[in-house]
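# Notes for the structure review
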Amino acid sequence: QVQLVESGGGLVQPGGTRRLSCAASGTFFSFYTMGWYRQPPGKPRELVAVITTSGVTNYADSVKGRFTISRDNAKNTVDLQMNTLKPEDTAVYYCYAYTEKVGYWGQGTHVTVSS
């Protein structure tokens, strides 16, 4: 089993940057594909970025070129670097760890982009 704890959320001005981090406890972190999802107010949860066990990344079109996902298997962490933030990036951001058989969610961290 994997426990995930996100951190780094907060209030950011439009055009600003923020780095989210997700710390995983448990074993075999490197075996999990890791993802960041977000849920804007009043909207369903959506994929932001994914990084596979081999380091292949994929991004939602809305964040391509602005966000970067990375993982450190030695530290059991996955980060999301967010640049050029927009008000529409306001959401609760969730970390997700999954294999073909199981998936685990973090509790989420709030990011508000506003002046």
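The text that follows walks through the structure, step by step, so that each part is easy to find. Chains are numbered independently. Their residues run from 1 in the order of the written sequence. Per-residue local features are limited, in this predicted model, to residues with pLDDT of at least 70; the limit for side-chain atom pairs, both in listing and counting, is 80 or more; totals at the level of whole chains, interfaces and linings are taken over all residues. The side-chain values count all of the structure's non-hydrogen atoms but skip hydrogen atoms and water molecules.

### Observations regarding the side chain of R71
The criterion, for reference: A run of H or I in DSSP counts as a helix once it spans at least four residues, and a run of E counts as a strand once it spans at least two, with each numbered from the N terminus. Working definition: with a 1.4 Å probe on protein chains only, accessible area under 20% of the residue-type maximum means buried, over 50% means exposed, and in between means partly exposed. Counting rule for charge: Lys and Arg are taken as positive, Asp and Glu as negative, and neither His nor the chain ends is counted. Think of a salt bridge as a Lys or Arg side-chain nitrogen and an Asp or Glu carboxyl oxygen that are within 4 Å of each other. In protein, a polar contact requires one atom able to donate a hydrogen and another able to accept it; more generally it is a pair of N or O atoms within 3.5 Å, and residues adjacent in sequence count only if both atoms are side-chain atoms. The criterion used for residue contact is that any of the two residues' heavy atoms lie within 4.5 Å.
Here R71 is to be found in strand β7 (residues 67-72). Of the side chains with opposite charge, D72 lies nearest to the buried R71, which makes no salt bridge, at 8.3 Å. A polar atom in the side chain of R71 sits 2.8 Å from the backbone oxygen of Y32. Among the polar contacts listed, one links the side chain of R71 to the backbone oxygen of I51, at a separation of 3.5 Å. With residues near it in sequence (within four places) discarded, R71 still touches F29, S30, Y32, T33, M34, I51, T52, T53, T77 and V78.

### What to know about the side chain of D89
When you line up the elements, D89 lands in the loop between β8 (77-82) and β9 (91-98). Take D89: its relative accessible area is 0%, and that puts it in the buried class. Among the polar contacts listed, one links the side chain of D89 to the side chain of R38, at a separation of 2.9 Å. Residues contacting D89, with those up to four places away along its chain left out, are R38, R66, F67, T84, V111 and V113.

### Regarding the state of the cysteines
Applied cut-off: Note that a disulfide, as used here, is simply two cysteine sulfur atoms within 2.5 Å.
Taken as a whole, this structure holds 1 disulfide when the rule is applied. With a sulfur-sulfur separation of 2.2 Å, C22 is cross-linked through a disulfide to C95. Disulfide C22 to C95: torsion about the S-S bond roughly -85°, handedness left-handed. Taken together, the residues C22 in strand β3 (residues 18-25) and C95 in strand β9 connect sequence positions 73 residues apart. C22 sits in the buried class, given a relative accessible area of 1%.

### Quick notes on the sheet that holds β3
In plain terms, the rule: The criterion for strand pairing is that DSSP finds at least two bridges linking the strands in question. In this description, a line fitted to the C-alpha atoms serves as the axis of each element, helices being fitted only across the stretch in contact, and the angle between N-to-C directions of two axes falls anywhere from 0 to 180 degrees.
Here we have 4 strands laid out as an open sheet, ordered β1-β3-β8-β7, and antiparallel in their pairing. Pairing within the sheet leaves two strands with one partner each, and these edge strands are β1 (3-7) and β7. Going from strand to strand, the sheet's axes swing by 15° on average, the running direction of each strand aside. In terms of strand pairing, β1 meets β3 through 5 bridges, oriented antiparallel. Its bridge partner being in β3, V5 is matched across the sheet by A23.

### Comments concerning the packing of aromatic side chains
The description of two aromatic rings rests on the distance between their centres and on the angle between their planes. How we decide: Only Phe, Tyr and Trp rings are paired, with Trp represented by its six-membered ring, and only when their centres lie within 6.5 Å; those with planes under 30 degrees apart are stacked, over 60 edge-to-face, the remainder tilted. Two limits define a charge over a ring: the Lys NZ or Arg CZ must be within 6 Å of the ring centre, and within 35 degrees of the ring normal.
All told, the structure shown has 7 aromatic pairs when counted by the stated rule. Here the aromatic rings of F28 and F31 are separated by 5.3 Å at their centres, their planes lie at 20°, and the arrangement is stacked. When sorted by exposure, F28 lands in the same class as F31, which is exposed. A ring pair is formed by Y96 and Y98, whose centres lie 5.0 Å apart and whose planes are at 25°; its orientation type is stacked. Among the residues examined, Y98 registers a relative accessible area of 24% and is labelled partly exposed. Three or more aromatic residues link up through ring pairs in this structure, and these residues are Y37, Y94, Y96, Y98 and W105. Taking NZ or CZ as reference, R45 lies 3.7 Å from the ring centre of Y94, over its face. Over the aromatic face of W105 sits the side chain of R45, whose NZ or CZ is 4.4 Å from the ring centroid.

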